[in-house]
Amino acid sequence: MISALKTAYDAALNFFYPPVCQLCKNERAMAKDGYVGGKCWSGLRFLTEPYCERCGLPYEGNITHSFVCQNCKDMDFGFSFARSAMVANPLILQAIALYKYNRAVWFEPFLGDLLTRKAVPALSGQKWDAIVPVPLHPVRQREREFNQAERIALHLGKALNLPVKTNLVRRAKFTGTQTQLSREKRAANMDNAFFPTVGKSRYLERLILVDDVLTTGATTSACARALREGGAKEVCVWTVARGT
């Protein structure tokens, strides 16, 4: 039944959209490909070691031991560690931006697949209780009509057979885009931005926080801190892309 519905959905997309890559507009790509062609796929870069064991920042070179990067040494993150599937190069950032701001929903399976490819092997066999998408402020949610983190988190939840909880934390502070702010201003912008919404529960002690992009970690750290205030013992972070 699910396979038949997906086939019908793909056929509908292919009817309304030309079979062309929606990133470069130059090569053939179908709905089943997420409208991302082979050449653009080859331009993506999965994030591999070496990377900071705390924030997941990738490094070039032959570092054979675990390390914490200079940026993390003086940071008090709310999460225990952060990992990402992809290096945030222009191609993946373009797909995320089109998905978020232009409602290019055909990119969702593509982005969800990228996350699960890296996160599932890393998280399988570990005891996690639930997945929590970083919430949007209600104003932003109404503008976009969906929360990209929530939609991507559903793909990971299905792959890991974990519930996706959207009622554990809320965003109370409306903030503008963080992209042009310094690390310090991003952190200040996130002060009191999130708060826990449910009482403490021993059944949700270890949580996986999901978002689309991690850059300084200010947003995910503030959200993770609110989850810990609500009773979580540990919060890790997984994102589709890792900025630098």
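Heads up: these notes are all about the structure in this document. (Residues numbered from 1 in each chain as written. Predicted model: local features only at pLDDT ≥ 70, side-chain atom pairs only at ≥ 80, totals over all residues. Heavy atoms only, no water.)

### A short note on the side chain of Arg-83
- Turning to its location among the elements, Arg-83 is positioned in strand β1 (residues 81-87).
- The side chain of Arg-83 is buried and forms no salt bridge, while Glu-53, the nearest opposite charge, is found at 6.2 Å.
- A distance of 3.1 Å separates the side chain of Arg-83 from the backbone oxygen of Glu-53, its partner in a polar contact.
- Those residues in contact with Arg-83 that sit more than four places away from it in its chain are Tyr-51, Cys-52, Glu-53, Arg-54, Gly-56, Val-237, Trp-238 and Thr-239. (Helix = DSSP H or I, 4+ residues; strand = E, 2+ residues; numbered from the N terminus. Buried < 20%, exposed > 50% of the residue type's maximum accessible area, 1.4 Å probe, protein only. Lys, Arg positive; Asp, Glu negative; His and termini not counted. Salt bridge = Lys/Arg side-chain N within 4 Å of Asp/Glu carboxyl O. Polar contact = N/O pair within 3.5 Å; in protein donor to acceptor, adjacent residues only side chain to side chain. Contact = heavy atoms within 4.5 Å.)

### Overview of the pattern of salt bridges
- Scanning the model with the defined rule gives nine salt bridges in all.
- Between Asp-212 and Lys-100 there is a salt bridge; the shortest N-O distance is 3.0 Å. Note that Asp-212 is positioned in strand β5 (residues 206-214) and Lys-100 in helix α3 (residues 90-101), a separation of 112 residues in sequence.
- Judged by its relative accessible area of 4%, Asp-212 falls in the buried class.
- For Arg-117, the salt bridge goes to Asp-113, with nearest N and O atoms at 2.8 Å.

### Thoughts on helix α4 (residues 108-123)
- Taking 1.5 Å of rise per residue, 16 residues should cover 22 Å, and α4 covers 21 Å from first to last C-alpha, within 8% of that figure.
- Of all the bends in α4, the largest measures some 30° and sits at Thr-116.
- By the burial criterion, the buried members of α4 are Glu-108, Phe-110, Leu-111, Gly-112, Leu-114, Leu-115, Thr-116, Ala-119, Val-120 and Leu-123.
- Each element contacted by the buried residues of α4 is listed here: α2 (38-42), β1, α3, α6 (148-160), β5 and β6 (234-242). (Expected span 1.5 Å × (residues − 1). Bend = angle between axes of the 7 residues up to and from the residue.)

Limitation: the analysis is restricted to geometry and does not speak to function.
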